[in-house]
Amino acid sequence: MNLRIIHANIIRANIIVSIKSFYREKTVVFFRIAFPVILILVFGTIFMERDNEIFELSIQDLDRSMSSEQLVAALDQSERFNITPVSPDADAKQYARDNHLNLIVIIPENFEMSLMKKMAADPFETPVTLTKVYDPGAFGVTTKIGVLDMALAKINQEMSGKPPLIVSEPVSILKKKYRFIEFFVPGIIAMAVMTASLFGSVNVNAELLQKGVIRKLSTTPITRIDWILSNVLYQFILAVVSTAVMLLVSYAVFKVSLEINAWLVVFVALDVFAFVGLGMILTRVAREAESASAAADALMFPMMFLSGTFFPVEMMPEFLQTFARILPLYYVNEGLRAAMIAVDHTAALKSALIIGAFAAVVFVLGIMTTRIGGETP
Amino acid sequence: MTQNNKYSIEVHHLTKHYKGLSAVDNISFTVEKGEVFALLGPNGAGKTTTVEILNTIRTPTSGKVMLLGMDVTEKKYDIIPRIGVLPQGFSSFDRITVKETLQYYSRLFCCRKPDIDGLMALVNLKDKAAVQYKNLSGGLKQRLGIAVALVNDPEIVFLDEPTTGLDPLARRAMWEVLLDLKKKGKTLFLTTHYMEEAELLADTVAIVKKGKITAMDSPGELIENNAHHLVVMLKSVDETVFDIVEKMGFAPDYDSHGHITVRLTHTDDVRRLLNAVRDGGASFTGLDVRKPNLEEVFLKLTDDTFLKSVAGIEEAP
Ligand SMILES: Nc1ncnc2c1ncn2[C@@H]1O[C@H](COP(=O)(O)OP(=O)(O)OP(=O)(O)O)[C@@H](O)[C@H]1O
Ligand SMILES: [Mg+2]
């Protein structure tokens, strides 16, 4: 067995053929490059609004006084609401139903008068009450009411002129505050590189094996290590292109603040090595093309959902968190986030060592099980 | 260089077992430089197994195979650059063109400057240079396979069923290519189901059956030695003819056109048979007496019932 021989000319020839085959198959190009970008755009847009959401707020002013106008102006200034007035003649409940509004705030008649009395330091006067007509079944209305109450509390405090007794100040464990999209993009990069490497190598190799191309290749000077390195390098080139596109879109559309450093390249490379190697093993272990794909599916789905791609692992129950720690993708996620969000080199190194060890083992097994240069079936 | 320089291929007592099956059973033969050697046999005879052991991609259970003086189990990477292989059911990368495919395979063999245009001309694919593999017809795919097998200017070319699945025209085109190679003095090792192909191309034909070589000689000799009988064909609508022939102790049969065929050993029998038909009052409208064709010799050599009846063809136990 000639494991040690690596031929640069052969690897180059393989990569040229792979890349030509790739761009001549337009659907593959779409799934490879555009699909992760679409994921980022869709999820990014959904969660972008969560971070800095401006709520629609309808206000029915029955008092129409200076004070009530000031209150509306104060709410407007909080910059959390887009305020629409509701005619005082309307029946608020009916109006809400007719116009699909989930919340209408009613400023009562005599608002100004009650407020004056209260301000005149009559502690026994009941507080001025605003009525919130809301649809308890509507999605997100609780958050909206929460934000409204916070804004009102602030207005209250300013009007009474007393400083608050207790305040809290958030201190992030990260150097700077990060948004969901900044958590999400590294996860999608890790996942996209994983799925493409795994399925790319399984599909291409299973097809070539089934069609007998691998058998023909076995009668040329190509070695197993040439073949697996060609697969890895080809997938790495695609992964770099795809990652670059994902990052460009993220910067352009969401203005993410993610650090780009050498770690990014390291983790993308390790991600490719590990999952191309795994794909090569699956192709060998599974006799038929379909069972290889099914096995790849079975490995990929738990990894996608449990290793912290879409949401932090800490949100899961304890036993699932323990399980996540044996998934290789978990360490790619952790490492990429340590490198790109927190810029924590020690944490990145720790993850890199773990995923690196995994990649090395899988790579060696992959070389040993590749059919090229070995006994044909 | 060894003293066996004269031989391109030497096979000694080669055996390959799969669980409970001898795919190749103790076969031996040699192929000289520049010789065209054909392995002829039915499905499952062990042709591909033999070729792939010769190509270094399967390991023999026992026996010794030397290619260009080197042992196939020890010198894989020394042998491979000097041989060319068209595997059974050749296939290549779907979206890669004819020219790119040839460039790809020649790059695998490194540094030699390949004559891609010459190769395309040889297999008559010059006008298809820019066509992707998946858009080629079966015959053209197979011809590309031959060109691919030649990218490294090999000393021995192995062709596993080069014409199976091709229509008669495409088959003829393939034969032209192979005859060209033969003229160039390449050592060719081919397997086939077709006797006519072996006869046209090969210097030596080995007939294999269930992993064993049942006969090996030049095509002419094979026919000479295995065609002692005559084939008589009678065109007749009269059903009594069949009965008359059968009663004489011969084994008549209907061919695909509905004519009666009879295998006879002596010229005398022909006269006796015709007399008997006439005496029986039956009539026939056509008569043909001929030597058996190659197809029939092949069938005879690969058919168990015949093997048993023909002495000297079964291998000595
Ligand atoms: N990998 C394998 N495992 C088990 N049995 C095998 C294997 N490869 C071949 N065989 C068996 O060995 C015998 C010879 O097969 P082989 O492919 O060499 O025949 P062949 O002469 O090339 O047939 P064909 O004309 O159909 O190509 C067959 O019975 C086949 O089923
Ligand atoms: Mg075969």
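Residues numbered from 1 in each chain as written. Chains lettered and ligands numbered in written order. Predicted model: local features only at pLDDT ≥ 70, side-chain atom pairs only at ≥ 80, totals over all residues. Heavy atoms only, no water.

## Side note on the coordination of the magnesium ion (ligand 2)
Residues and elements named next belong to chain B. Taken together, the protein ligands of the magnesium ion (ligand 2) are Thr-48 (OG1) and Gln-88 (OE1), with distances of 1.8 to 2.1 Å. Here the residue Thr-48 occupies a position in helix H1 (residues 47-54), and Gln-88 occupies one in the loop between strand S6 (83-86) and helix H3 (98-108), the gap between them amounting to 40 residues. Relative accessible area serves as the criterion here: at 28%, Gln-88 is assigned to the partly exposed category. (Donors = N, O, S within 2.8 Å, 3.2 Å for Na, K, Ca; no water. Helix = DSSP H or I, 4+ residues; strand = E, 2+ residues; numbered from the N terminus. Buried < 20%, exposed > 50% of the residue type's maximum accessible area, 1.4 Å probe, protein only.)

## Things to note about the sheet that holds strand S5 (residues 70-71) of chain B
All names here are of chain B. On the basis of which strands lie adjacent, the open sheet formed by four strands has the order S2-S1-S4-S5 and antiparallel pairing. With one partner strand each, in any of the chains shown, strand S2 (21-32) and S5 form the two edges of the open sheet. Summarising the sheet, strand S1 (residues 7-18) and strand S4 (residues 62-67) pair through five bridges and their orientation is antiparallel. Residue pairing for S4: Ile-9 is matched across the bridge by Leu-67. Contacts between H1 and the sheet are confined to S1, S2 and S4, with S1 contributing the most and set at about 125 degrees to the helix. (Pairing = 2+ DSSP bridges. Contact = heavy atoms within 4.5 Å. Axes fitted to C-alpha atoms, helices over the stretch in contact; angles between N-to-C directions.)

## Overview of the site of ligand 1
Close contacts around ligand 1 come from 16 residues, with Asn-43, Lys-47, Thr-48, Thr-49 and Gln-88 of chain B the closest. Surrounding ligand 1 are residues belonging to chains A and B, so the site spans chains. Thr-48 of chain B is positioned with one of its side-chain polar atoms (N or O) 2.6 Å from an oxygen atom of ligand 1. Here an oxygen atom of ligand 1 and a side-chain polar atom of Gln-88 of chain B are 2.8 Å apart. Secondary structure elements with two or more residues in the shell around ligand 1: S2 and H1 of chain B. For the shell around ligand 1, the element with the most residues is H1 of chain B, which contributes three residues. When its residues are assigned to classes, the shell around ligand 1 shows six nonpolar, seven polar and three charged. (Near = heavy atom within 4 Å. Polar contact = N/O pair within 3.5 Å; in protein donor to acceptor, adjacent residues only side chain to side chain. Nonpolar A, V, L, I, M, F, W, Y, C, P; charged D, E, K, R; others polar.)

## Topic: the domain arrangement of chain B
All names here are of chain B. Annotation of chain B at the domain level lists domain 1 (2-217) and domain 2 (225-309). Placing the centre of domain 1 and that of domain 2 at their C-alpha centroids yields a distance of 39 Å. Of the residues lining the interface, 14 residues belong to domain 1; the matching set on domain 2 comes to eight residues. Taken together, both faces of the contact between domain 1 and domain 2 bury some 880 Å²; the carbon and sulfur share is 68%. Contact with domain 2 buries surface across domain 1, with Met-195, Ile-207 and Lys-209 losing the most and accounting together for 49% of the total. Across the contact surface, domain 1 and domain 2 share zero salt bridges. (Domains from an automatic or database assignment. Buried area = accessible area lost by both parts, 1.4 Å probe. Salt bridge = Lys/Arg side-chain N within 4 Å of Asp/Glu carboxyl O.)

## Points about the interface of chain A and chain B
Many descriptions give the size of an interface as the accessible area lost when the pieces come together. Each partner contributes to the interface: chain A provides 31 residues, whereas chain B provides 32 residues. For the pair chain A and chain B, the summed buried area comes to about 2,900 Å², and 55% of that belongs to carbon and sulfur atoms. Per-residue buried area on chain A facing chain B is highest for Arg-24, Lys-216 and Thr-219 of chain A; these three make up 22% of the total on that side. Inspection of the chain A/chain B interface yields five salt bridges. In this structure, Arg-215 of chain A engages Glu-52 of chain B in a salt bridge whose closest nitrogen and oxygen atoms are separated by 2.7 Å.

## Remarks on the pattern of salt bridges
Residue and element names in this part refer to chain A. For the coordinates displayed, the defined rule picks out 18 salt bridges over all chains. Notably, a salt bridge pairs Glu-207 with Lys-211, separated by 3.9 Å at the nearest N-O pair. With a gap of four residues between them, Glu-207 and Lys-211 both fall in helix H7 (residues 180-211), about one helical turn apart. For Glu-207, a relative accessible area of 38% puts it in the partly exposed group.

## Some thoughts on the nonpolar core
Residue and element names in this part refer to chain B. Leu-102, Tyr-104, Tyr-105 and Ile-146 are the most contacted members of the largest nonpolar core, which has 137 residues in total. Here Leu-102 is in contact with Ile-116, Leu-119, Met-120, Leu-144, Ala-147, Val-148 and Val-151, once residues within four sequence places are set aside. Formed by 27 residues, the second largest nonpolar core is a distinct cluster that contains Val-11, Ile-27, Phe-37 and Leu-67. (Core = buried A, V, L, I, M, F, W, Y, C linked by side-chain atoms within 4.5 Å.)

## So, the side chain of Thr-204 of chain B
All names here are of chain B. Summarising the element assignment, Thr-204 is placed in strand S9 (residues 204-209). Judged by relative accessible area, Thr-204 falls into the buried class, the value being 17%. Beyond its immediate stretch of four places on either side in the chain, Thr-204 contacts Glu-35, Val-36, Phe-37, Ala-38, Met-216, Asp-217 and Ser-218.

## Considerations on unusual backbone geometry
With phi around 50 degrees, Arg-64 of chain A is a residue other than glycine that occupies positive phi space. Exposure remark for Arg-64 of chain A: the relative accessible area of 58% places this residue in the exposed category.

## Concerning the sheet that holds strand S12 (residues 253-254) of chain B
All names here are of chain B. The four strands lie next to each other as S12-S13-S11-S14, forming an open sheet whose pairing is antiparallel. Pairing within the sheet leaves two strands with one partner each, and these edge strands are S12 and strand S14 (286-290). Pairing of strand S11 (residues 230-235) with strand S13 (residues 260-264) involves five bridges; the strand directions are antiparallel. If you follow Leu-234 over to S13, its bridge partner there is Ile-260. Seen against the sheet, helix H9 (residues 240-247) touches S11, S12 and S13 and runs at an angle of roughly 15 degrees to S13. Of the strands in this sheet, S11, S13 and S14 touch helix H10 (residues 267-279), which is tilted by about 20 degrees from S11.

## A closer look at helix H10 (residues 262-285) of chain A
Since one α-helical turn is 3.6 residues long, residues separated by three or four positions face the same way. Relative to the 34 Å expected for 24 residues at 1.5 Å per residue, H10 of chain A spans 35 Å between its end C-alpha atoms, a close match to the ideal helical length. The buried fraction of H10 of chain A is high, at 18 of 24 residues. (Expected span 1.5 Å × (residues − 1).)

## Section: the pairing of S6 of chain B
All names here are of chain B. Side chains Ile-83 and Val-85 project from S6 onto one buried face, and the interleaved Gly-84 and Leu-86 project onto a second face that is buried too. Across four bridges, S6 lies against strand S7 (residues 156-160) in parallel orientation. Of the residues in S7, the one forming a bridge with Gly-84 is Val-157.

## A word on the packing of H7 of chain A against helix H9 (residues 224-254) of chain A
Residues and elements named next belong to chain A. Look at H7 against H9: their axes get within 10 Å of each other, and the N-to-C directions meet at 150 degrees. Our classification of the angle between H7 and H9 gives roughly antiparallel. In this structure, the crossing between H7 and H9 has a hand that is right-handed. Listed contacts from H9 to Ile-181, Val-185, Ile-188, Ile-189, Ala-192, Val-193, Ala-196, Ser-197, Gly-200, Ser-201, Asn-205 and Leu-208 of H7 are Trp-227, Asn-231, Gln-235, Ala-239, Thr-243, Met-246, Leu-247, Ser-250 and Phe-254. Each residue belonging to the contact of H7 with H9 can be placed in one class, and the counts come to 13 nonpolar, eight polar and no charged. (Parallel < 35°, antiparallel > 145°, perpendicular 65-115°, else oblique. Left-handed = near helix turned anticlockwise from the far one by under 90°.)

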